[in-house]
Structures are given as structure tokens and as C-alpha cells.
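Below, each chain spelled out in residue letters.
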Number of protein chains: 2
Amino acid sequence: MTTDPPRPTDAELEILTVLWNRGPGTVRDVHDAIAARKPTQYTTVLKTLQIMAAKGLVRRDETQRAHVYEAALPSEVTRRQLAGDLLTRAFSGSARNLMLGALSSRKATKKELAELRKLLDDYEKGTV
Amino acid sequence: MTTDPPRPTDAELEILTVLWNRGPGTVRDVHDAIAARKPTQYTTVLKTLQIMAAKGLVRRDETQRAHVYEAALPSEVTRRQLAGDLLTRAFSGSARNLMLGALSSRKATKKELAELRKLLDDYEKGTV
DNA sequence: ATCCTACTACGATATTCTTCGTAGTGCAAG
DNA sequence: CTTGCACTACGAAGAATATCGTAGTAGGAT
């Protein structure tokens, strides 16, 4: 039995987001995506990806000279972990209060509220 | 204009939770609450509270020999910050997906789902 | 006055996080 | 073959985190 990968750090989550959005990619791919938004050295991304591989957060395919990295877990699983973690640590398990915090952190559109209602319905039906 | 206090760390959040639940208290108070759940040295809590005071996460009343600490911000504000932060960093701003993550991290009761629906209604009415 | 206890202050350590520079290597172009 | 480039490996350093031990002090009890 292997242990679950630990909760990703901020920098790691940023990289995971790129891998989730674009699918598996090389360090170059990830770096380009991140450097487009903030100045970052190539080797910083490389090193972080190596650490993430050691932690089991990403898998690495070394058959090519430029290794190809892939998120070890689908975004849903990691997100569930993060949401559940915050729910426990900061909200004493109250989903209601977590949602309230999220909603009040910024304006929610009517469309989003409708989505949320539908989600509750689907959840109750077991559709999701 | 003062800067907002930074996002609390795990250990800091644990202490804030005690202060939110019990109101202002001494290091002794906080330590007793935490040590009841996991072995922790008194001075660890003391040191962390001192650091938190320096960061502005808590306020300190030194008029008594045993200083009295108080959360600098109400739980709602810090929680909003944390929820908003996770919403942005891990969920690309999708409240729907954050809620899905929270719900799927553990079973939700019928009562809780009702609470959530009511929250959406209240939010739409501006009641909350 | 002396002693004991509870308290604060603070240094120190180990670990993690984040970033970056340097060194080494394989490969393709000339 | 030689050169240059893109890539990996890795050490290092600085900041943040988390924990604990020691030293010093205030104040009440004897």
C-alpha cells in the first residue's frame, strides 16, 4: 500500500493546474505557460517538477530526451482533497460556511447560483 | 494604510480556531485546548502566538501578567480569505467546482443540503 | 526574605518551500 | 569532428514553518 501524495504547495498547485489544463507536457511546456504570467526561471520549474515526481504528485516519462510530466491524480481528486482539507481545518466541516466564504469572497452571477442549485440537485440524485 | 495580515499557516489556523471558539484567552487557555487533542509543548504555542502577533494575526493585551490574545479578524473574514484563495488557486474561480469538491470529500446530510439551498436563497435576496 | 511556580523572551534546530546558478550530456547542424 | 543548444541533475541559499529548550522574571506563599 502506497501513501497518498501530500497536499501540493502553492508552487506545485500552479504547475498541476498547467498539467491539468494542457495535459502531459515537458518542462518547457509548463515553463512557457507559467512564464507567460510571471517571470520564472526554467530551472525553477524543472526543479519543482523533479521534487513533485519524488513526492508522487506527477509521473514522469523518461523515454524522450525531454521528459514528459503528467499529473499523477486527476484534478477532481486533488481538488477534493484540497476542499475537504480546508473544510475541516478552517470550517469545522460546515459546507454551508465554506460556500458562504466562497460566495462572499467575490460577486456571484445569477448563472453561477443556478449552477450551484443544479449541483445540489444532482448531488442529491446521485447523478454526480 | 496597513497591509492585510497574510494567510495563516496550518499551525496558526489551529490557534485561531481556538480563539474564535472560546474568545480571547491566554497562552495557557490556548495550549490547554490544543494539547487536549494532540501533544504540544506550551512554549510552542507561546512562540507561535508571538509570531502571529508580529504578523498582525492576533492582538495582544499585555496589561495582565499572562497576556491575553485575541484574533485580529473575525472568523468570517479570515474564512472568506481562505475560501477565496483556494477558489482562485485550485478551482479557477468556479464556486460550483469548489462546492463539488467539498461535497464529494465526505457524505453530506439532507439537512446540510437544505442549509445550502437556503444559503443560496438568502444570498440572492441579499439577506446574507 | 526566600522559594516556587507560572509566565515571557528568545535562541536554536530541523524541515520544508522556493528559487536560481552551475555543471554535465546528448544530439543535430555545420 | 566540433560546436552550440536544449535538456537534466544537483547543490546551495534564503525564507518560512514548526518545534522545543533554556534563561530570566514577577509575584504569591511560606
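Each value, and the rule that gives it
Residues numbered from 1 in each chain as written. Chains lettered and ligands numbered in written order. Predicted model: local features only at pLDDT ≥ 70, side-chain atom pairs only at ≥ 80, totals over all residues. Heavy atoms only, no water. Buried < 20%, exposed > 50% of the residue type's maximum accessible area, 1.4 Å probe, protein only. Helix = DSSP H or I, 4+ residues; strand = E, 2+ residues; numbered from the N terminus. Contact = heavy atoms within 4.5 Å. Pairing = 2+ DSSP bridges. Near = heavy atom within 4 Å. Polar contact = N/O pair within 3.5 Å; in protein donor to acceptor, adjacent residues only side chain to side chain. Nonpolar A, V, L, I, M, F, W, Y, C, P; charged D, E, K, R; others polar. Salt bridge = Lys/Arg side-chain N within 4 Å of Asp/Glu carboxyl O. 1 Å grid on protein atoms, 1.4 Å probe; cavity = no way out; pocket = protein on both sides within 12 Å on 5 of 7 lines; lining within 4 Å. Points joined across faces, edges and corners; volume = space filled by probe spheres on them. Axes fitted to C-alpha atoms, helices over the stretch in contact; angles between N-to-C directions.

S.K.: Could you give an account of helix α5 (residues 95-104) of chain A, with specific residues and numbers?
M.R.: Summarising burial for α5 of chain A: seven of the 10 residues are buried, a large majority. Of all the residues in α5 of chain A, the buried ones are Ala95, Leu98, Met99, Leu100, Gly101, Ala102 and Leu103 of chain A. Buried residues along α5 of chain A sit in contact with α4 (75-91) and α6 (110-125) of chain A together with α4 (75-91), α5 (95-104) and α6 (110-125) of chain B.

S.K.: I'd love a proper account of the pairing of strand β3 (residues 68-71) of chain B, names of residues and values included.
M.R.: Across a regular strand the side chains alternate sides, sitting on one face of the sheet and then on the other. Residue and element names in this part refer to chain B. Going residue by residue along β3, you find Tyr69 and Ala71 tucked away on one face and Val68 and Glu70 left uncovered on the opposite face. With two bridges joining them, strand β1 (residues 25-26) and β3 adopt antiparallel strand pairing. Following the sheet pairing, Thr26 is matched in β3 by Val68. Pairing between strand β2 (residues 58-61) and β3: four bridges, direction antiparallel.

S.K.: Describe the protein's contact with DNA strand D, naming the residues involved and giving the relevant values.
M.R.: By nearness alone, 21 residues border DNA strand D, and Arg28, Tyr42, Arg60 and Arg65 of chain A together with Thr9 of chain B come closest of all. In the interface set of DNA strand D, defined as its atoms within 4 Å of the protein, sugar plus phosphate atoms amount to 60%. Note that a phosphate oxygen of DNA strand D is positioned 3.0 Å from one of the backbone N or O atoms of His67 of chain A. Lys55 of chain B is positioned such that a nitrogen or oxygen atom in its side chain is 3.2 Å from a phosphate oxygen of DNA strand D. For the surface near DNA strand D, the residue count by class is five nonpolar, eight polar and eight charged.

S.K.: Account for the pattern of salt bridges, with residues named and values stated.
M.R.: Scanning the entire structure with this criterion turns up 30 salt bridges over all chains. Salt-bridge contacts for Glu124 of chain B lead to Lys110 of chain A; the nearest nitrogen and oxygen are separated by 3.5 Å. Of this pair, Glu124 of chain B sits in helix α6 while Lys110 of chain A sits in helix α6, on two different chains. For Glu124 of chain B, a relative accessible area of 35% translates into the label partly exposed. Lys110 of chain A sits in the exposed class, given a relative accessible area of 64%. Between Asp122 of chain B and Lys118 of chain B there is a salt bridge; the shortest N-O distance is 2.8 Å. Taken together, the positions of Asp122 of chain B and Lys118 of chain B, both in helix α6 and four residues apart, correspond to about one turn of that helix. Residue classification places Asp122 of chain B among the buried positions, given a relative accessible area of 12%. Beyond isolated ion pairs, a larger network of salt bridges with shared partners links Arg7, Asp85 and Arg89 of chain A together with Asp10 of chain B.

S.K.: Break down the environment of Asn21 of chain B for me, with residues and values.
M.R.: Residue and element names in this part refer to chain B. Mapping Asn21 onto the fold places it in helix α1 (residues 10-22). Among the residues examined, Asn21 registers a relative accessible area of 58% and is labelled exposed. Remark: the alpha-carbon pair of Asn21 and Ser75, spanning 54 residues in sequence, is separated by 9.3 Å.

S.K.: An account of the environment of Leu82 of chain A is needed here, citing residue identities and associated values.
M.R.: Here Leu82 of chain A lies in helix α4. The class of Leu82 of chain A is buried, set by a relative accessible area of 5%. Each residue touching Leu82 of chain A, except ones within four places of it in the same chain, is listed here: Arg7, Pro8 and Leu13 of chain A together with Leu86 and Ala90 of chain B.

S.K.: Describe in detail empty space enclosed by the protein, supporting the description with residues and values.
M.R.: Taken as a whole and judged by the stated rule, the model has two cavities of 30 Å³ or more. Estimated volume of the largest cavity: approximately 60 Å³. As for the largest cavity, its lining consists of Pro5, Pro6, Pro8, Leu16, Trp20, Gly56, Leu57, Ala72, Leu73, Thr78 and Gln81 of chain A. Of the volumes computed, that of the second largest cavity is approximately 40 Å³. Considering the residues around the second largest cavity, the lining is formed by Pro5, Leu16, Trp20, Leu57, Ala71, Ala72, Leu73 and Thr78 of chain B. Each residue belonging to the lining of the second largest cavity can be placed in one class, and the counts come to seven nonpolar, one polar and no charged.

S.K.: Would you mind going over the sheet that holds β1 of chain B in detail, with residue names and values included?
M.R.: All names here are of chain B. The strand order across the open sheet formed by three strands is β1-β3-β2, and the pairing between neighbours is antiparallel. In the strand order of this sheet, the two ends are held by β1 and β2, each with one partner. Lying on the sheet, helix α3 (residues 42-55) is in contact with β2 and β3; it crosses β2 at an angle near 105°.

S.K.: Describe the protein's contact with DNA strand C, and please don't skip the residues or the numbers.
M.R.: Of all residues adjacent to DNA strand C, which total 22 residues, the nearest are Thr9 of chain A together with Arg28, Tyr42, Arg60 and Arg65 of chain B. Of all atoms in DNA strand C that approach within 4 Å of the protein, 59% are sugar or phosphate atoms. For DNA strand C, a phosphate oxygen lies 2.4 Å from a polar atom in the side chain of Thr9 of chain A. Secondary structure elements with two or more residues in the surface near DNA strand C: α1 (10-22) and α3 (42-55) of chain A together with α2 (27-35) and α3 of chain B. Among the elements that line the surface near DNA strand C, the one with the most residues is α3 of chain A, at six residues. When grouped by side-chain class, the residues that make up the surface near DNA strand C number six nonpolar, eight polar and eight charged.

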